[in-house]
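Examining the three-dimensional arrangement
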Amino acid sequence: EGLRELYRRAQSGGKPRPVETPVPAATAEPVNAVAVAAPAEMPAHVSASGGTKAERLASLRTQAENWAPAKTLGTLRETMVFAVGNPDAKIVLVGEAPGFQEEKEREPFVGPAGQKLNDILKAMGISREEVYISNIVKFRPATPRQTTNNRKPTPEEMASCLPFVREEINIIQPACIVALGGTAAEGLLGLSGAVGAMRGSWHEFGGIPVRVTYHPSYLLQSGAN
Ligand code: URA
């Protein structure tokens, strides 16, 4: 409900929010950050058009490019990174937000976490091309003087982009959704706490069963095989 309220606020044209840490004027805005609100005529609801699943997903991608509720926050970078994968996937994997490498290649999970995810899928006997890989937030969260460093998206940032992942899942109708990490679980399911406590049971999003599991970055950091 908290995320919904934040999303409603973003839709009703909330003022751009400053980045969290005050920095000197010359560097106050990250180079790639969006400082200006999107035009008022930009629609703030997601609606997929087209006949096939691929066409409907493509129409969402176009809408995401200038998504006013995300842009007006002023805390996200400007390059939109949508999703990748099979429109008929049985499994949809949802991460938190693109990082440095994902922004560069405009594709989710292509950096070290993506390599780990590919390895996990391979070990399961599944190829990357069979699944659909998305993120809750479609823009890389900005930080002052940002280089290759990434940060977790805030609840406001997740709420602003949640309509996309909801509609992507509605179009694909997978058998199962996998939330990658605690932030994705928070954004999708409103859960907080340890992933270890969430991962042993089924959850639900838009009528589709959800499993929560560790984020590949966490597995890399913790040295898990
Ligand atoms: N982490 C995520 O959550 N998503 C990506 O696309 C890359 C890293």
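All of the points below concern the structure found in this document. These numbers were taken from a predicted model, which means no experiment stands behind them. (Residues numbered from 1 in each chain as written. Predicted model: local features only at pLDDT ≥ 70, side-chain atom pairs only at ≥ 80, totals over all residues. Heavy atoms only, no water.)

What about the packing of aromatic side chains?
Inspection of the entire model under this criterion finds three aromatic pairs. Between Y214 and Y218, the aromatic rings sit 5.3 Å apart at their centres with planes inclined by 25°, giving stacked as the arrangement. Residue classification places Y218 among the partly exposed residues on the basis of a relative accessible area of 45%. Directly above the aromatic system of F82 lies the positively charged group of K138, at a separation of 5.2 Å from the ring centroid. When the ring centre of W202 is taken as origin, the NZ or CZ atom of R211, which lies over that ring, is 4.6 Å away. (Phe/Tyr/Trp six-rings, centres within 6.5 Å; stacked < 30°, edge-to-face > 60°. Buried < 20%, exposed > 50% of the residue type's maximum accessible area, 1.4 Å probe, protein only. Lys NZ or Arg CZ within 6 Å of the ring centre and 35° of its normal.)

Concerning unusual backbone geometry
Even without being glycine, R106 reaches a positive phi, approximately 55°. Structurally, R106 can be placed in the loop between α4 (100-105) and α5 (112-123). By relative accessible area, R106 is classed as partly exposed at 39%. One non-glycine residue, F109, adopts positive backbone phi at about 50°. Along the chain, the position of F109 falls in the loop between α4 and α5. The class of F109 is buried, set by a relative accessible area of 5%. (Helix = DSSP H or I, 4+ residues; strand = E, 2+ residues; numbered from the N terminus.)

Side note on the pairing of strand β3 (residues 91-95)
With four of its five residues buried, β3 lies for the most part within the structure. Pairing between β3 and strand β6 (residues 176-180): four bridges, direction parallel. Bridging across to β6, V92 finds its partner in I177. Across four bridges, the pairing between β3 and strand β4 (residues 132-135) is parallel. Residue pairing across strands places V92 opposite Y132, the latter belonging to β4. (Pairing = 2+ DSSP bridges.)

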